[in-house]
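# Secondary and tertiary structure notes
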Amino acid sequence: MSFQPGDRVGTYEILSTLGAGGMGVVYRARDSTLGREVALKTLPEAVASDPERLARFEREARVLASLNHTNVATVYGFSSAALLRAQVAGEAPDGTQPISSESERAEATHFLTMELVEGETLEDRIARGPIPPAQALPLFIQIAQGLEAAHAKGIVHRDLKPANIKVGPVVGGSSQVKPAAVKILDFGLAKALAPDGEAMSTSVSHSPTLTMAATMRGEILGTAAYMSPEQAQGEAADHRADIWAFGVCLLEALTGKRVFDGANHSFVLASVLKDQPDLDALPPSTPPQLRRLLRRCLEKDRDRRLRDVADARLELEEALATPAGDHAAAAAARAPRLWMGVAAGVGIALGAVAGWLVPLLLRSAPEPAPLARFVLNAPPNEPAGRSPGPGLAISPDGSTVVYLTGLYPSTTAQVRRIDQLEGAPLAGMAPGVLSPFFSPDGKWIGYFHDSGRSLRKVSVLGGPSVTLAKIDQFPAGASWGPDDTIVFGRETAGLQRVAAAGGEPREVTQLAEGESSHRFPDVLPDGKTVLFAAFTGPDADDAVISVVSLETGERGIVVSGGSQPRYVPSGHVVYSVGATLRAVPFDLRRLEATGEAVPVVEGVAITGMGAAKYSVSANGTLTYMTGTAQGLENVLVWVDREGREEAIGAPPRSYVYPRLSPDGTRIALDVRAQDEDIWIWDLERETLTRLTFSPETDAGPVWSPDGRTVFFGSAQKETGWDIFSRLADGTGGLTRHTEAPGLEAPASVTPDGAGLVAVTGPGPTGPFDILLVDISGATEPTTLLEADFNLANAELSPDGRWMSYESDESGASEIFVRPFPALDSGRWQVSTGGGTRPLWSRDGREIFYLDPAGHLIAASVQLRGDSPAFGRPVALIERGYANPRTGRTYDVSPDGRRFLMIKANVQQEEEASRQIVLVENWLGELRRLAPARR
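Let me begin by describing the structure that accompanies this report.

Conventions we followed
Residues numbered from 1 in each chain as written. Predicted model: local features only at pLDDT ≥ 70, side-chain atom pairs only at ≥ 80, totals over all residues. Heavy atoms only, no water. Helix = DSSP H or I, 4+ residues; strand = E, 2+ residues; numbered from the N terminus. Buried < 20%, exposed > 50% of the residue type's maximum accessible area, 1.4 Å probe, protein only. Contact = heavy atoms within 4.5 Å. Salt bridge = Lys/Arg side-chain N within 4 Å of Asp/Glu carboxyl O. Axes fitted to C-alpha atoms, helices over the stretch in contact; angles between N-to-C directions. Parallel < 35°, antiparallel > 145°, perpendicular 65-115°, else oblique. Left-handed = near helix turned anticlockwise from the far one by under 90°. Nonpolar A, V, L, I, M, F, W, Y, C, P; charged D, E, K, R; others polar. Expected span 1.5 Å × (residues − 1). Pairing = 2+ DSSP bridges. Polar contact = N/O pair within 3.5 Å; in protein donor to acceptor, adjacent residues only side chain to side chain.

Turning our attention to the environment of Leu455. Locating Leu455 in the fold gives a position in strand β20 (residues 454-459). Residue Leu455 is classed as buried on the basis of its relative accessible area, which comes to 0%. For the pair Leu455 and Phe488, spaced 33 residues apart in sequence, the C-alpha to C-alpha distance is 9.3 Å. Not counting residues up to four positions away in its chain, the partners in contact with Leu455 are Phe437, Tyr447, Phe448, Val466, Thr467, Leu468, Ala469, Ile471, Ile486, Phe488 and Val498.

On to the pattern of salt bridges. Inspection of every chain in the model, using the stated rule, returns 33 salt bridges. Across the salt bridge formed by Arg304 and Glu299, the nearest N and O atoms sit 3.8 Å from each other. You can call Arg304 exposed: its relative accessible area is 60%. A residue is classified by how much of its surface remains accessible, and Glu299, at 26% relative accessible area, is partly exposed.

Two elements in contact, helix α12 (residues 288-297) and helix α13 (residues 309-321), have axes whose closest approach is 9 Å; the angle formed by their N-to-C orientations is 165 degrees. Comparing their axes, α13 and α12 come out roughly antiparallel. Of the two elements, α12 crosses α13, and the hand of that crossing is left-handed. Here Gln289, Leu290, Arg292 and Leu293 of α12 come into contact with α13, specifically with Ala312, Glu315, Leu316, Glu318 and Ala319. Of the residues belonging to the contact of α12 with α13, the class tally is five nonpolar, one polar and three charged.

It is worth spelling out helix α10 (residues 239-255) at this point. In this model α10 runs 25 Å from its N-terminal to its C-terminal C-alpha over 17 residues, within 8% of the 24 Å that 1.5 Å per residue would give. Here α10 lies mainly inside the structure; 16 of its 17 residues are buried. In the segment just after α10, Gly256 is the residue with positive phi, at about 75 degrees.

Turning next to the sheet that holds strand β28 (residues 544-549). Strand order in the open sheet made by the four strands is β26-β27-β28-β29, with antiparallel pairing throughout. Edge strands, defined here as strands with exactly one partner in the open sheet, are β26 (517-523) and β29 (555-560). Here the strands of the sheet are splayed against their neighbours by 30 degrees on average, with no regard to which way each runs. Looking at chain direction, strand β27 (residues 529-535) and β28 are connected through six bridges and run antiparallel. Considered in β28, the bridge of Ala534 is made with Val544.

Tracing the backbone shows Thr692 in the loop between β44 (687-690) and β45 (698-703). Taking the relative accessible area as the measure of exposure, Thr692 reaches 1% and is therefore buried. Polar contacts involving the side chain of Thr692 include one to the side chain of Asp677, which spans 2.8 Å. A distance of 3.0 Å separates a polar side-chain atom of Thr692 from the backbone nitrogen of Ile678. Once you skip the residues sitting within four places of it in the chain, Thr692 turns out to touch Asp677, Ile678, Asp698, Phe712 and Arg726.

See below:
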């Protein structure tokens, strides 16, 4: 069904017809909602009228819509005219009625909404004559980049040709080419439109080419001339078909001539199958790399053809980087010379003399390449370096940096090539990223997610992430070895490893006596040995840089006093001591230091867990964030239900888990960093008083109902985390309530003050069960709820009849409510779409929680007999407040009107630089500063 200019389809106004062909009609349209022009592409009737093909096309369209790359025209969506109109009217279309009129047929038309790309096609450009190599190279590098991004997601174009490539105007001469962005159109539509199970057809009806004339000859020749030999024979096409078409387009651009031609469809296909491309038609100035690349792309046997378009891109970039004079010299070198034999003889004689003479004359080594230092600025509206653990990594070749912005757990990964002006979020990495790291080939980024509970990987080009393993503790760094094994650290345990393809983690190290954790592993080049930091307490300066064999488990010490070690190809181990990077010469064979450690970089940003924000590439590029205390401090604020914010006078500290007293006059504070104790902020007197003075970590305060006592967890060397309490006015000593291996942490006190609901598990990040502790100590603790999945953040309602908690039994964390204490007598889900860290209002009429994006959500609560009913969740406060840990990091005032939130220290963020520094050719500087003993 056709549409005319002025017709409206949902939110779109038809402006004009752009083209027509075997796959339907393309219209220029204006999206009135977003104020942009788009391309609306109708589907052929053969597809739209076949429910199975239509459903398969819709599945393919969703895959194509996930492909987001600068050099690929974006697919925005897929819908029908009826659905578009119904969405505007707020109605649900009835698709059950038969189509009986032209108007109904128009309503049934299905559209693919795509990016509207202006400019001429590569076909138009070639029609004006050959494109000089200096101009063609930048264009085809961009085409290769687009293909590379698609192939990484498993998407094959199958109909690549000059008519499907849009090219902007070229500015400048041969010495300085500045092409506009190249866009590849119609990516993957050939497969999406083909009948299920069919290979790329050579018939006219399945040719997806679009031409305004829509002539039969134009459609056939426009596709057949770029088909790979396997497509021409009706075989299934894979990514190598795109590489063939890429070669055909490149040769056609350089020569200005059709590579395969004929009087009709059959003759063209016959030419593809039997004729060899004429490389002699290339201009004499063609770089030798291009000739070699074309031969490899245009192999008729696809098993002998170039296998990866990334290799084509590298060849093109090398050719572009080589001066034109060098190309001419190389071409001249290929010319025959009659004196070649004489020159060879002379060369042999000179070589013999040089063999003993040159070493005598040239004793000094070549000068190292000079240092090159430059700065990448993180986005001004997104704080960088605020995530726990390492949040910065550079690819092995030094070309790409990934860094985290935002406040955890809403941190997002920004990926930036150092030759680009800014970074961009990587598709496939949802907020909540921790500790990114690269694979040895630079094609993958590994990271932790789900509050550190899962290890994942994603392609550097974007796409769906792959879960590799579930983690039983908060992560502490990771390294991807050359044998495709990933080794990772944990907050209170030894190292583990897992295959990069996924699987069950296996133990690498066990904690020795006096050790608290093994963190920040670095797999050495042999793939058999791992550097790591062995911690004995919270202070990273007391950690020991160690090395362990993956084969025998034998351990050794490299240097004492430091964290986050990294081996670099200069023969050094770099590690952090506070905000300073130090380097020590290191012998890979003997696995020991061979010189003195010296400071090499000052002022590196640090965060908790002994992590410094730095990374070193295999080619010797250093990158680090500046700011000696960046990310350590934050402030407390009130935020009302309208989002209005009011400062609280407590001084900046590394606050987590703030808890308001029952009368709302005091705040119990878990303060991390140096002291790691419990403090009390008096809101009326504006004083901050320290409540605990333990040398161990005290955390997670909970008030008694009368406000006289504060319960908290404390890390004991003998038994792990146990529950203690102290009077809130600081008088008296500590009272111990649990003593058992593992972790017990307070969560909520019963209204009568006699019982304490706690979580228990093997470590700070679970998995947890829920426990009831008798505060008087008259009876042993009893287990209320245990499961194979993770339970956390239990909270009692004010009347003590209900318990809210979070559980990941469905695969994602959701909020549930059960009767208390008879938890087995019912269960109700509160959240929709994910939720963590529930909290009851003081009147029991609402439950608050955080959604996966970090927004504060409220759901009303009503009692219907003995069953609770929950209202539709409503967002109260936008994300932007710090949630540095997995526990609840907010509270609500007694009247329910305001929320106590943690916020990044704005003054500190303004004072601290958000710069990411890159230093190229850094290895020579290391050799100079830290020479090895001879």
